[in-house]
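Single-letter residue listing:
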Amino acid sequence: LVELVRFNVEREGYECRSVHNGTEALAEVRRARPDLIILDRMLPGQSGDEVASKLKRDADCAAIPVIMLTAKAEESDQLVGFALGVDDYLTKPFSMKVLLARIAAVLRRVGLAESSEAVTIGPVSLDEGRHEVRADGTPVMLTTMEFRILKTLMVANGRVLDREQLIDAVLGPTVAITDRTIDVHIAAVRKKLG
């Protein structure tokens, strides 16, 4: 699977590096600082869950988007992945065209964030270009998904967004996830902002 993904990703014009276990994954991400990580949940050594958790707690790696691949298709498994901070979740078997479309969508969302301005509402400021959030001047570490949710809510500037509108704004209209996924991320944002 690694070689198949690598072949197709490189054929689309992306530079790709691959590793075969969790320990190598952490070392390679910290060394190379990729634009995107495709992470299998079932890795030898450290699991994909452990790798994602460690990366999202690392200030230098937390902003790197992660697409998780897994054979686990239950809603609870997806919620665990999203709670860890992954940006997208693709169950096996999957279409390579769908994976490539999701890679492009995630990279587009990250690219849009780099060209945007800072937003401040009350004690919370969000700088998209730096992927930085501060509450009362104190830095707040957010996953990429949490950051996008907070940005969407701040830009809405008091307008009420239902779950579907929030999912569409954060992930795009073609991504199918459960409503509870957004709830998990919003709870995490609330907790981190105090």
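The structure this text deals with has already been given above.
(A) Structural context of the sheet that holds strand S2 (residues 66–70). Judged by pairing direction, the sheet is parallel, and its three strands sit side by side in the order S1-S2-S3 without closing on themselves. Taken across any chain shown, the strands that pair with only one partner, and hence form the sheet edges, are strand S1 (37–40) and strand S3 (88–91). Neighbouring strand axes in the sheet, compared pairwise and without regard to direction, differ in orientation by 25 degrees on average.

(B) Here's a closer look at the nonpolar core. Among the nonpolar cores identified, the biggest contains 25 residues, and Ile37, Leu39, Val51, Leu55, Val86, Ile149 and Ile182 are the most heavily contacted of them. Of all the secondary-structure elements, those providing two or more residues to this core are helix H2 (22–32), S1, helix H3 (48–57), S2, helix H6 (144–156), helix H7 (163–171) and helix H8 (179–193). When residues in this core are grouped by element, the largest group, four residues, is from H7. What Ile149 contacts, discounting residues up to four positions off in sequence, is Leu166, Val170, Ile182, His185 and Ile186. In terms of nonpolar packing, the next biggest core, distinct from the first, is built from 13 residues, Val9, Cys16, Ile67 and Leu99 among them.

(C) Region of interest: the pattern of salt bridges. Within the structure shown, the criterion is met by 14 salt bridges. Arg41 is the salt-bridge partner of Asp49, the closest N and O atoms lying 2.8 Å from each other. The exposure class assigned to Asp49 is buried, which follows from its relative accessible area of 19%. Salt-bridge contacts for Glu146 lead to Lys192; the nearest nitrogen and oxygen are separated by 2.7 Å. Of the two residues, Glu146 is situated in helix H6 and Lys192 in helix H8; the sequence distance between them amounts to 46 residues. Among the residues examined, Glu146 registers a relative accessible area of 2% and is labelled buried. Exposure remark for Lys192: the relative accessible area of 36% places this residue in the partly exposed category. Counted as one network, the salt bridges with shared partners bring together Glu15, Arg17, Glu28 and Arg31.

Rules behind the numbers
Residues numbered from 1 in each chain as written. Predicted model: local features only at pLDDT ≥ 70, side-chain atom pairs only at ≥ 80, totals over all residues. Heavy atoms only, no water. Pairing = 2+ DSSP bridges. Helix = DSSP H or I, 4+ residues; strand = E, 2+ residues; numbered from the N terminus. Axes fitted to C-alpha atoms, helices over the stretch in contact; angles between N-to-C directions. Core = buried A, V, L, I, M, F, W, Y, C linked by side-chain atoms within 4.5 Å. Buried < 20%, exposed > 50% of the residue type's maximum accessible area, 1.4 Å probe, protein only. Contact = heavy atoms within 4.5 Å. Salt bridge = Lys/Arg side-chain N within 4 Å of Asp/Glu carboxyl O.

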